[in-house]
Amino acid sequence: MISLEYYLALSAVIFSIGLISILINRNLIVVLISLEVMLAGVNLSLVALSHYMSDIKGQILVLFSIGVAAGSVAVGLSLLIANFNLRKSVDILELSELKEEHVE
Amino acid sequence: MMEFLLMLLKTTVVFGIVLTHVAYTTYAERKVIGRAQARMGPMEVGPHGLLQPIADFIKIFFKEDIVPANSEKLIFQIAPIIVLVFTMVNLTVIPFDRNFILADLNLGVLLILAFASLSVYGIILAGWASNSRYSFLGGIRSASQVLSYEIALGLSLAGVVLAAGSLNLKDIVIAQHNTPLGMYAIPQIIGFIVFVIAAFAETNRAPFDLPEAETELVAGYLTEYSAFRYALFFLAEYVAMYIMAFFCALCFLGGWTIPKFLTDIFPILDKVPGILWFAVKVYAFIFLYIWVRATLPRYRFDQLLNIGWKVLIPAGILNLLIVAIVKRFSL
Amino acid sequence: MIYFIFAYFCLSMIGISLIAITRKNPVHSVLWLLLLFLHIAVVYLFLNAEFLAMVQIIVYAGAILVMFLFTVFLLGAKNIPKEKRYTNLWEGRLLVGLALTAIFVAIFSKIKLSFKGIHTIEYIEKTGNVKAVGTVLFNEYALSILMLGIILLIPMIAVVVLAWRKT
């Protein structure tokens, strides 16, 4: 049997890969993709804990997490499209100021 | 070791029989559509044109394989394989008879829904990787059509699963056998009609075949594919037709059983092996596919999406509501 | 035997997520993400959560990623030039991220369980995973399911409003 530590370590590594990618990437599409990777890591740890604690509530929480992630990805992508229609680029450093015309 | 070889043999038998049926369904389609249009269909190759599929197959092997210049080579080559593989996986959970099933999963219905939504990827990638505007547009249209009708398909199946109490396909057939009418199509007639229409739309067949009609966008996402890759897409489409026919026969028409009131009247019908009844129901559904293709004109794309979202989903929800009320008050 | 399969899944999931976030072409990133989700569905099968594996494939891999793909196609994002891929001060952020990784892995592997519920493997094998999830879900968390429906309705409206082009 595979003990719980391996599943939790795997989920921690996947979560951290997503986290590091959000911190260092400049392309908004890659940021949204790494957000998905983070959510996948968290869901994996929830299911592993639900299996080893013999409680079904972990799986129920994963169902809610998948549902809410679907909604959040939809809103995130539509914001991406609205931003692209305005500024014609997917660079997050162009979003770092609030005013419309940005100075280099 | 022994059971591994037995499983390999069963898999080969199932895949061989289904692929032979697929090859001869192309022949049957040409014959039936020809007769519906007052002509004979293929008559040259072999007696009454019976060797026509073999001739087609040999021709496809000798055609030149063209890969467009600026396309994404790897994705272009993988796309037909994705569609075919994810469609053929569905064959493993179909019970053809009381004891003949490749993988007796407790989640057969969900697996078929899951792999139906995965085979959309092959279509999208084929349309995009061809690097041509019309293929891309055809691929996007086809994908949005399949995704819209998946919901209606799921809703009609939810009524069946609620009435049977299990997602296992064998349990659904056995639960159908225990009802007085023997099939779920008759008490859940709304669900049955929703399933049939959604099955036509899921496999991109007439009257919903705008993405691949020849008078529209050339051949939609299939335009740039030649020779064997085109044959793979074609194969995948017919195998998907068979999966929908199997699904309909199992969930709505009673599978390998016949209604109990018929065996009360004619007791000799009990001796007929179950797979014969299954085959009759599947052939009837495939004939319905071909018949509808010969008869009905195709829908415009916005009419198609209107039907999927505004007509079939409310009908499916109504069906689910009726089944839930009937089951709650134990009618 | 099962250790080898699990080792393959560990290494492949880490490798696939690393490849997915370093591609230049965003379509390739989304396709590697699809492969990651299929691997995660199989690991859910390891953990006796078959309903969740199928839901993951239907919802995540079959609907959310298709939405991603459509958006990436719509943007027509060209390849990003090589010198503008990472933010400023990316070395510092990478170091902080790696330190956080080490802390997470060290803490998560030391968790000790003290609570055992009723849904053991035998119980779930007797009643079936779907029935076990459904019984608890619709009895204790019925209000949460209704709210999840509303939570999914609002982004539908929001998407249409946000991406509306006044042409």
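As the structure is a computational prediction, the values presented were derived from the model and not from experiment. (Residues numbered from 1 in each chain as written. Chains lettered and ligands numbered in written order. Predicted model: local features only at pLDDT ≥ 70, side-chain atom pairs only at ≥ 80, totals over all residues.)

Q: Any chance you could explain the overall build of chain B here in plain terms?
A: For chain B, the helix and strand inventory stands at 12 helices and zero strands. Written out in order from the N terminus, the α and β elements of chain B read α-α-α-α-α-α-α-α-α-α-α-α. Against the compact-globule benchmark of 20 Å for 331 residues, chain B has a radius of gyration of 21 Å, which places it among compact chains. With the C-alpha coordinates aligned to their principal axes, the bounding extent of chain B is approximately 65 × 50 × 45 Å. By residue count, 43% of the 331 residues in chain B fall in the buried class. For chain B, the share of sequence-separated contacts (at least 6 apart) that also reach a separation of at least 24 residues comes to 78%. (Helix = DSSP H or I, 4+ residues; strand = E, 2+ residues; numbered from the N terminus. Rg over C-alpha atoms; globule rule 2.2 N^0.38 Å. Buried ≥ 20, exposed ≤ 12 C-beta atoms within 10 Å, placed from the backbone. Contact = placed C-beta atoms within 7 Å.)

Q: Is there a simple way to explain the overall build of chain A in this structure?
A: Helix and strand content of chain A: three helices and zero strands. Ordered by position from N to C terminus, the α and β elements of chain A give α-α-α. A compact globule built from 104 residues would reach a C-alpha radius of gyration of about 13 Å, whereas chain A, at 18 Å, exceeds it by more than 25%. C-alpha atoms of chain A, sized along the principal axes, occupy 60 × 25 × 15 Å. Looking at chain A residue by residue over its 104 residues, the buried ones come to 48%. Residue pairs at least 24 apart in sequence account for 48% of intrachain contacts in chain A once pairs closer than 6 positions are excluded.

Q: Would you explain helix α1 (residues 2–36) of chain B in this entry?
A: One turn of an α-helix holds 3.6 residues; hence residues three or four places apart share an orientation. Along its 35 residues, α1(B) runs 50 Å from first to last C-alpha, staying within 8% of the 51 Å computed at 1.5 Å per residue. The first or second residue beyond α1(B) is A38(B), which carries a positive phi of 65 degrees. (Expected span 1.5 Å × (residues − 1).)

Q: So what exactly am I meant to see when it comes to the interface of chain B and chain C here?
A: It is common to give the size of an interface as the accessible area that goes away when the parts come together. Across the boundary between the two partners, chain B contributes 14 residues, which contact 13 residues of chain C. At the level of secondary structure, the elements contributing two or more residues to the side of chain B that touches chain C comprise α4 (108–118), α5 (120–129) and α6 (133–164) of chain B. Considering each element in turn, the side of chain B that touches chain C owes the most residues, six residues, to α4(B). Taken together, the residues of the side of chain B that touches chain C sort by class into 12 nonpolar, two polar and no charged. (Nonpolar A, V, L, I, M, F, W, Y, C, P; charged D, E, K, R; others polar.)

Q: Hey, could you run me through the interface of chain C and chain A in this one?
A: At the junction of the two partners, chain C supplies 73 residues and chain A supplies 59 residues. At the level of elements, α1 (2–20), α2 (26–46), α3 (50–75), α4 (90–108), α6 (129–140) and α7 (142–162) of chain C are the ones that each hand at least two residues to the side of chain C that touches chain A. A total of 13 residues in the side of chain C that touches chain A trace back to one element, the largest contributor, which is α3(C). Tallied by class, residues from the side of chain C that touches chain A come to 55 nonpolar, 13 polar and five charged.

Q: Looking at this model, I keep getting lost on the domain arrangement of chain B. Mind explaining?
A: All names here are of chain B. Domain boundaries assigned for chain B yield domain 1 (1–62) and domain 2 (75–328). Here the C-alpha centre of domain 2 lies 20 Å away from the C-alpha centre of domain 1. Contacts between domain 1 and domain 2 engage 16 residues on the former and 13 residues on the latter. Per element, the largest residue contribution to the side of domain 1 that touches domain 2 is 14 residues, and it comes from α1. A class-by-class count of the residues in the side of domain 1 that touches domain 2 yields nine nonpolar, five polar and two charged. (Domains from an automatic or database assignment.)

Q: Would you mind going over the environment of A106(C) with me for this structure?
A: For A106(C), the location among the structural elements is in helix α4. A C-alpha to C-alpha distance of 21 Å links A106(C) and S12(C), two positions 94 residues apart in sequence.

Q: What exactly am I supposed to notice about the packing of α2(C) against α3(C) here?
A: Each pair of packed helices can be summarised by the angle the axes make with each other and by the distance between the axes. Residues and elements named next belong to chain C. Interhelical geometry of α2 versus α3 gives an angle of 175 degrees and a closest axis separation of 9 Å. The angle between the axes of α2 and α3 places the two elements in the roughly antiparallel class. In this structure, α2 contributes P26, V27, V30, L33, L34, F37, L38, I40, A41, Y44 and L45 to the contact, and α3 contributes E50, L52, A53, Q56, I57, Y60, A61, L65, F68, L69 and V72. Per-class residue counts for the contact of α2 with α3 are 20 nonpolar, one polar and one charged. (Axes fitted to C-alpha atoms, helices over the stretch in contact; angles between N-to-C directions. Parallel < 35°, antiparallel > 145°, perpendicular 65-115°, else oblique.)

Q: What am I meant to see in the arrangement of the chains here?
A: Inter-chain contacts occur across two pairs of chains; the most extensive set of contacts lies between chains A and C. The closest approach of any C-alpha atom in chain A to one in chain B is 15 Å; the two make no contact.

Q: Before we go on, may I ask you to explain the environment of K271(B) in this structure?
A: Here K271(B) lies in the loop between α10 (260–265) and α11 (274–295). Distance in space between the C-alpha atoms of K271(B) and V282(B) is 20 Å, their sequence separation being 11 residues.

Q: Would you explain the nonpolar core in this entry?
A: Across soluble globular proteins, nonpolar side chains have a tendency to be buried as a group. Within the largest apolar cluster, 160 residues are counted, with the highest numbers of intra-cluster contacts made by A198(B), A245(B), C248(B), F252(B), M54(C) and L65(C). Element by element, the count of residues in this core is highest for helix α9 (residues 227–251) of chain B, at 17 residues. The residues contacting C248(B), other than those within four sequence positions of it, are F195(B), A199(B), L253(B) and F285(B). (Core = buried A, V, L, I, M, F, W, Y, C linked by C-beta atoms within 7 Å.)

Q: I would appreciate a short explanation of unusual backbone geometry in the present structure.
A: In most cases, non-glycine residues show a negative phi, while peptide bonds are predominantly trans. Phi angles above zero are rare outside glycine, and N204(B) is one such case at about 60 degrees. Within the secondary structure, N204(B) sits in the loop between α8 (189–202) and α9. Even without a glycine there, the phi angle at N48(C) is positive, about 65 degrees.

Q: Could you clarify how one ought to interpret the packing of α1(C) against α2(C) in this entry?
A: All names here are of chain C. The contact between α1 and α2 brings their axes to 9 Å, and the two run at 160 degrees. One way to sum up the angle between α1 and α2 is to call them roughly antiparallel. As for the relative orientation of α1 and α2, their crossing is left-handed in sense. Residues F9, S12, M13, I16, S17, I19 and A20 of α1 lie in contact with α2, whose contacting residues are S29, W32, L33, L35, L36, H39, V42 and V43. Of the residues contributing to the contact of α1 with α2, the split by class is 11 nonpolar, four polar and no charged. (Left-handed = near helix turned anticlockwise from the far one by under 90°.)

Q: Explain α6(C) here, please?
A: The end-to-end C-alpha distance of α6(C) is 17 Å, a good match for the 16 Å that 12 residues give at a rise of 1.5 Å each. Within the span of α6(C), buried status applies to N129(C), A132(C) and V133(C). Along α6(C), the residues classed as buried sweep out an arc of 95 degrees about the axis, all on the same side. In α6(C), the exposed positions angled more than 90 degrees off the buried face are occupied by F138(C) and N139(C). Residues of α6(C) that are buried sit in contact with α3 (57–87) of chain A together with α3 and α5 (121–127) of chain C. (Arc of directions from axis to C-beta.)

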